[in-house]
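Residue-level structure breakdown
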Amino acid sequence: MELSILGETITRKSSDTTKYSSYWMPRGGDQGTYGVEVIRLSTSGFQVFVQTKNADQADSAATTLGSAQALSSTGITKWTVSGAKEWVRYVIEATGANTPILQFQFLAPQWAPN
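This one's a predicted model, so the numbers in the text were calculated from it and none came from an experiment.

What counts, and at which threshold
Residues numbered from 1 in each chain as written. Predicted model: local features only at pLDDT ≥ 70, side-chain atom pairs only at ≥ 80, totals over all residues. Heavy atoms only, no water. Helix = DSSP H or I, 4+ residues; strand = E, 2+ residues; numbered from the N terminus. Rg over C-alpha atoms; globule rule 2.2 N^0.38 Å. Buried < 20%, exposed > 50% of the residue type's maximum accessible area, 1.4 Å probe, protein only. Contact = heavy atoms within 4.5 Å. Pairing = 2+ DSSP bridges. Axes fitted to C-alpha atoms, helices over the stretch in contact; angles between N-to-C directions.

**Considering the overall build of the protein chain**
A tally of helices and strands in the protein chain yields zero helices and nine strands. Its C-alpha atoms give the protein chain a radius of gyration of 15 Å, within 12% of the compact-globule value 13 Å for 114 residues. For the protein chain, the C-alpha atoms occupy an extent of roughly 40 × 40 × 25 Å along the three principal directions. Buried residues in the protein chain amount to 35% of all 114 residues. Within the protein chain, residue pairs in contact and separated by at least 24 positions form 83% of the contacts whose partners lie at least 6 positions apart.

Structural data, given as structure tokens:
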């Protein structure tokens, strides 16, 4: 039997302000339902949001779709936003002054037809 670790694991110091981004994905429609599954969370201290941009724009030109979703417990957090440009990605950002550990996996967006 093989042992495997599901998802990704992030741990941070209280002073760390790093943002963790997924890869860019092509949009499948203007509106989508996004989700993240939290497998383990030692304490609150992370939020997730979706960024979007066009193919000819730099990553720094990406804008946020909707509002950030606080990750405060295990399970699936999902939300629906619209206004996606050509590319979308997830971004996880640390919040607060604690030192949490987060194990998670991003879920594939579910697109609504235009």
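**Let's talk about the sheet that holds strand β7 (residues 75-82)**
Strand order in the open sheet formed by four strands is β1-β9-β4-β7, and the pairing between neighbours is antiparallel. The strands lining the two open edges of the sheet, one partner per strand, are β1 (8-11) and β7. Adjacent strand axes in the sheet meet at a mean angle of 30 degrees when their direction is disregarded. As paired strands, strand β4 (residues 31-41) and strand β9 (residues 101-112) are joined by nine bridges and run antiparallel to one another. Residue pairing in the sheet places E37 in a bridge with Q105 of β9.

**Here we look at the pairing of β4**
Successive residues of a regular strand alternate their side chains across the two faces of the sheet. Sheet topology places β4 next to β7; eight bridges connect them, and they run antiparallel. Pairing of Q31 across the sheet is with S82, part of β7.

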